[in-house]
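Spelled out, the chains give:
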Amino acid sequence: MARTVVGAFYERAAAAPNEVAVLEKRFGKWVERPCGEVAAEAALLANGLGELQVGPGDTAVLMVSARLEWITYDLAIQAIGARSLAIPTRFREEDVVRILAESGAATVIAERQDEADVVLTAMEAGQLPAVRHIVYIDPAGVSDYTSDVLVSVDQLRTDGANLGALAEALDPTATAALIPTIDASSLTPISHATMLEATRSTIEAFELAKSDRMIAVRDMADPAERGATLYAALLSGAMLAVPESVDTTDSAIHEIAPTYVHVTERWLTHQAAQITVRFDENHGIKSRLAASWRKRTGSSLERYGSGRAPRGLWRFMVSIPILEELGLEKARAVVVSGDPSPSALVGFYTALGLPVRPALAVRKLAGFATIGHPNDADGWVGTPAPGVEVTIEDGKLVASTEAAGRIVTQHSATELDGGFVVNGSSPEEAAETQLRAVPAFATAVVSPGAKS
């Protein structure tokens, strides 16, 4: 069995090279990218990076948005034993330069001229002495420069060892990626073994299969994305949808009708506001049904802390049309990561029949934990995910894996019937809750004030 994400994906590509791995939106059209094509491109890029003397111990930085190249470069960097560092597009220029300097970045992959300019300016100022090359994807503007450090993607692609041979030589305990914190104040190393463990845990927890279509609203550089969406799709056989840009994600969701979506709380809140506007625009029987549904949902949220799945006319005339407009009519898992989402927000979607799973990002484990049962928004309780041991020490939840070691999560916790209740909820408050865990990785949590 493969010991790294790169090796596991190569095994899939070798076994089924024509199986579609990625559905990519380019110039307004969806294009299918087979496993063999993705693996071959990653191998060419890996060999090219090797020709640039990038290898074990070096850090290669991705300043690339949501596009297929992000995935192939990340695989390529890991394949040669270098450390991949993806910088989210939301980071300020001064933070980007500081991260590049602190990581000792040897190579930077820039998507456009804007990203290349940030690096070149910092190099001219003597702030990035370790940077040897800037690989650019979009030649517009950059191709007019005369700097010797610039290398185009076409120049980089080089034949050589295949992805399988490169993966076989990797040390699973070595660092595969460096993860910047949200405030860009530090970098957390993630080993190959941890990355693979996070990915396989997601696949097992959600029973991902070839019939699934997966998409993420979150930035590809988000640390949870690798194990929670990107590599979970590539290794499970599911189809990963990659929109043209973050701005076109909503339309992409509508077009492909995904079965698994990784979202942000902000996205869910925005969609809820849009749904409310649609309610107010209804007339006739739909207006009366919507008003009745909202009253029923509000009462349920106030009394129980969660919504109840719609039935009868509410389901067919309110719920289904709304989910179809959102492109989520086929979704069987909607994961929202970050801090535990308000139960009212989760309950709102539960009342629409949408199975939202709140999740807690666990940065050091390159994954996240989903919580609770899809029809039990008020009982966010769970048990450890596959491959993770959980204990409570001095009232704090401690997670450990063979690959990542021991990690104190800083979450106050109480043990309950083989599961764990976090964030201050007492066992009494959750005593009647079914402890059915559906974790993707690490631990599970329960919202403050959860009720039985």
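Up top is the structure.
I'd love a proper account of the pattern of salt bridges, names of residues and values included.
With the rule as written, the count across this model stands at 20 salt bridges. Its salt-bridge partner being Arg226, residue Asp74 comes within 3.0 Å of it at the nearest N-O pair. Of this pair, Asp74 sits in helix α3 (residues 68–79) while Arg226 sits in helix α9 (residues 223–236), placing them 152 residues apart in sequence. Given a relative accessible area of 0%, Asp74 falls into the buried group. Between Arg332 and Asp212 there is a salt bridge whose closest N-O contact spans 2.7 Å. Highlighted residues: Arg332 in the loop between α13 (312–326) and β13 (333–336) and Asp212 in the loop between α8 (192–206) and β10 (213–216), separated in sequence by 120 residues. Several salt bridges share partner residues, and in doing so they unite Glu24, Arg26, Arg33, Glu37, Arg67, Glu69, Glu111, Arg112 and Glu115 into one network.

An account of the sheet that holds strand β3 (residues 59–63) is requested, with residue identities and associated values reported.
The 7 strands are arranged β7-β6-β5-β3-β4-β8-β9 in an open sheet whose pairing can be described as mixed. A strand with exactly one partner marks an edge of an open sheet, and here the two such strands are β7 (150–152) and β9 (187–191). If you compare each strand with its neighbour and ignore which way they point, the axes differ by 25° on average. The pairing of β3 with strand β4 (residues 83–86) spans 4 bridges and is classified as parallel. Pairing of Thr59 across the sheet is with Arg83, part of β4. Across the face of the sheet, α3 comes into contact with β3, β4, β5 (107–110), β6 (133–136) and β8 (175–180) while running at roughly 175° to β3. Seen against the sheet, α8 touches β8 and β9 and runs at an angle of roughly 75° to β9.

Which residues make up the packing of helix α1 (residues 5–15) against helix α2 (residues 35–51), and what values go with them?
α2 packs onto α1 with a crossing angle of 135° between their chain directions and a minimal axis gap of 8 Å. Taken together, α1 and α2 sit at an angle that is classed as oblique. As α1 packs across α2, the resulting crossing turns out to be left-handed. Taken together, the residues of α2 that come into contact with α1 (itself represented by Phe9, Arg12 and Ala13) are Cys35, Gly36, Val38 and Ala39. Residue composition of the contact of α1 with α2, grouped by class: 5 nonpolar, 1 polar and 1 charged.

I'd like to hear about the nonpolar core, residue by residue, with values.
In this structure, Phe9, Ile71, Tyr73, Leu75, Ile109 and Leu234 are the most contacted members of the largest nonpolar core, which totals 66 residues. Among residues more than four places away in sequence, those in contact with Ile109 are Ala60, Val61, Leu62, Met63, Val64, Tyr73, Ile77, Val135 and Ile137.

Please give an account of unusual backbone geometry that cites residues and values.
If you check the backbone angles, Phe27 has positive phi at about 55° while not being a glycine. Given a relative accessible area of 77%, Phe27 falls into the exposed group. If you check the backbone angles, Gln53 has positive phi at about 65° while not being a glycine. Here Gln53 is to be found in the loop between α2 and β3.

Cut-offs applied
- Residues numbered from 1 in each chain as written.
- Predicted model: local features only at pLDDT ≥ 70, side-chain atom pairs only at ≥ 80, totals over all residues.
- Heavy atoms only, no water.
- Salt bridge = Lys/Arg side-chain N within 4 Å of Asp/Glu carboxyl O.
- Helix = DSSP H or I, 4+ residues; strand = E, 2+ residues; numbered from the N terminus.
- Buried < 20%, exposed > 50% of the residue type's maximum accessible area, 1.4 Å probe, protein only.
- Pairing = 2+ DSSP bridges.
- Axes fitted to C-alpha atoms, helices over the stretch in contact; angles between N-to-C directions.
- Contact = heavy atoms within 4.5 Å.
- Parallel < 35°, antiparallel > 145°, perpendicular 65-115°, else oblique.
- Left-handed = near helix turned anticlockwise from the far one by under 90°.
- Nonpolar A, V, L, I, M, F, W, Y, C, P; charged D, E, K, R; others polar.
- Core = buried A, V, L, I, M, F, W, Y, C linked by side-chain atoms within 4.5 Å.

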